[in-house]
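Each chain is listed here by its residues.
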Amino acid sequence: MQLSVVILNYNVRYFLEQCLLSVQEAIASIDAEIIVVDNNSSDESVLMVKEKFSDVKLIENKENFGFPKGNNIGVRQAKGKYVCILNPDTVVAEDTFRKILAFAERQNNLGIIGCKLIDGTGEFLPESKRGVPTPWVSFTKIFGLYKIFPKTRFLNQYYAQHLNEYETGKVDILVGAFMFLERKLYEDLNGFDEDCFMYADDIDLSYRALLKEKTNYYFHETTVLHYKGESTIKDEKYMLHFQEAMNFFYQKHFKKPLFFSFFIKIGTWFFSFVKMFQGKTRIKPNPESYVFYSLNEDLSQKLALTLKNKVSFLEIPKEKMVNSCLIFKGKKIEIILDNRYISFKKCIEIIETLKDKSITFKILPKNTHFIIGSDSRNDRGQIIKIE
């Protein structure tokens, strides 16, 4: 078997369903399997997988074991030469795994591969590629020096700015939302460190691959949609776990004097406080209008009843769709993409191409009765059931 896709789920039932639909499409021509590990969800995630995805290997944990242990449990059941650790709040393109498999097979001494991630508004997620958060690199991140001096490489290592988002190349650290590596390497590294509940686990795994003299890569030739805010509610518990995670990483890899430990504690507290503040839900104005891209005009009437607003139906030849969408830039609208007629790859392309503060996006996944999306990387996403 070529590939095992391992998805750890916790209470994101609708995002998981969309993710699984996209992964099914992406592995259609590959000898691959999907493994879902559920960390004792209470939102009918397990029931949904059983009813709608009988070919998926489902592992039901009886408690929430956290990100590292949950993924390790999944990989132990994997049969593929490669494994992909994938968040449930992601959408992959139909050719994502074919492209990355081909790239992986060309490499020598391969470590971990990450790809280009965008959020639900189409904005590039800079954590797609990062440097090792040494004390100095963390200092430049915590105090925003990388923004003040964007062209100074010495100050721009946190987000691996020696590569731009459209350039494939070597990086140090990848993000746990999408990590692709040989299963043997995962096993040699003993997987994620289970002493870390969450947040530093991907940094630690990437760094340990480097210590084994493996080469990690950022691969820009495929884009994956990562709603991000859906995975974690950024509240006081988030701040506590984030502090614990960073302390864990520094204690494990960068043992320093007491003064430095104090600095790291203050720095991580400040950084996690900012992240928590960013995650506070903001009230957003409703779109002025909705545009539904589909070949099913009747469904636009149903959507209008659900959304209690006028929904314009727009049927455009697929090859002209992105260019035609540009006429909406600057208008406060929400674009709803019908996945029955628009591939996941095309949905991602439209969202990335049209990114604009005044435009929001939802996807109507095939064979479902809901639209789904996220207007901010810091907030929970939105699910609207179609009546």
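Below, the structure is looked at part by part. Computed from a prediction, not measured in an experiment: that's the story for all the values here.

1. Brief notes about the pattern of salt bridges
Under the definition given, this model contains 18 salt bridges. In this structure, the salt-bridge partner of Lys-52 is Glu-17, at a minimum N-O distance of 2.9 Å. Taken together, the residues span a long stretch of sequence, with Lys-52 in helix α2 (residues 45-52) and Glu-17 in helix α1 (residues 13-26) at a distance of 35 residues. A salt bridge links Asp-95 to Lys-99; the shortest N-O distance between them is 3.5 Å. Residue class for Asp-95 comes out buried when judged on its relative accessible area of 10%. In this structure Lys-99 comes out as partly exposed when scored by relative accessible area, which is 29%. Taken together, the salt bridges that share partners define one network made up of Arg-13, Glu-17 and Lys-52.

2. Quick notes on the packing of aromatic side chains
Throughout the structure, instances matching the rule amount to nine aromatic pairs. Plain terms: the ring middles of Phe-103 and Tyr-217 are 5.3 Å apart, the flat faces sit at 85° to each other, and that makes the pair edge-to-face. On the criterion of sequence distance, the pair formed by Phe-103 in helix α4 (residues 96-105) and Tyr-217 in strand β9 (residues 215-226) is long-range, its members being 114 residues apart. Classification of Phe-103 by relative accessible area gives buried; the value is 7%. An aromatic cluster is defined as three or more aromatic residues linked by ring pairs; in this entry it consists of Phe-67, Tyr-186 and Phe-192. Over the aromatic face of Tyr-14 sits the side chain of Arg-13, whose NZ or CZ is 4.2 Å from the ring centroid. A cation over a ring is seen here: Lys-69 above Phe-65, with NZ or CZ 4.2 Å from the ring centre.

3. Observations regarding the pairing of strand β13 (residues 359-364)
Of all six residues in β13, six are buried; the element is thus mostly enclosed. By the alternation rule, side chains of β13 split into Ile-359, Phe-361 and Ile-363 and Thr-360, Lys-362 and Leu-364, which are all buried. Note: strand β12 (residues 333-338) against β13, six bridges, orientation parallel. Its bridge partner lying in β13, Asp-338 is registered against Leu-364. Chirality of the crossover, the property in question, places the unit of β12, helix α13 (residues 344-353) and β13 among those that are right-handed.

Conventions adopted
- Throughout, a residue's number is its position along its own chain's written sequence, starting from 1.
- Totals for whole chains, interfaces and linings use all residues, but because this is a predicted model, local features are given only for residues with pLDDT of at least 70 and pairs of side-chain atoms are given and counted only at 80 or more.
- By convention in this description, side-chain values take in all heavy atoms of the structure and omit both hydrogens and water.
- The salt bridge definition used is simple: a Lys or Arg side-chain nitrogen within 4 Å of an Asp or Glu carboxyl oxygen.
- Numbering of helices and strands starts at the N terminus; helices are DSSP runs of H or I of at least 4 residues and strands are runs of E of at least 2.
- Here the term buried applies to any residue with accessible area under 20% of the maximum for its type, exposed to any over 50%, and partly exposed to those in between, with areas from a 1.4 Å probe on protein chains only.
- Only Phe, Tyr and Trp rings are paired, with Trp represented by its six-membered ring, and only when their centres lie within 6.5 Å; those with planes under 30 degrees apart are stacked, over 60 edge-to-face, the remainder tilted.
- Sitting over a ring, as applied to charges here, requires NZ of Lys or CZ of Arg to be within 6 Å of the ring centre and within 35 degrees of the ring normal.
- In this scheme, strands are said to pair when DSSP sees at least two bridges between them.
- Every crossover in which the path from the first strand over the helix to the second runs clockwise, viewed with the strands pointing away from the viewer, is termed right-handed.

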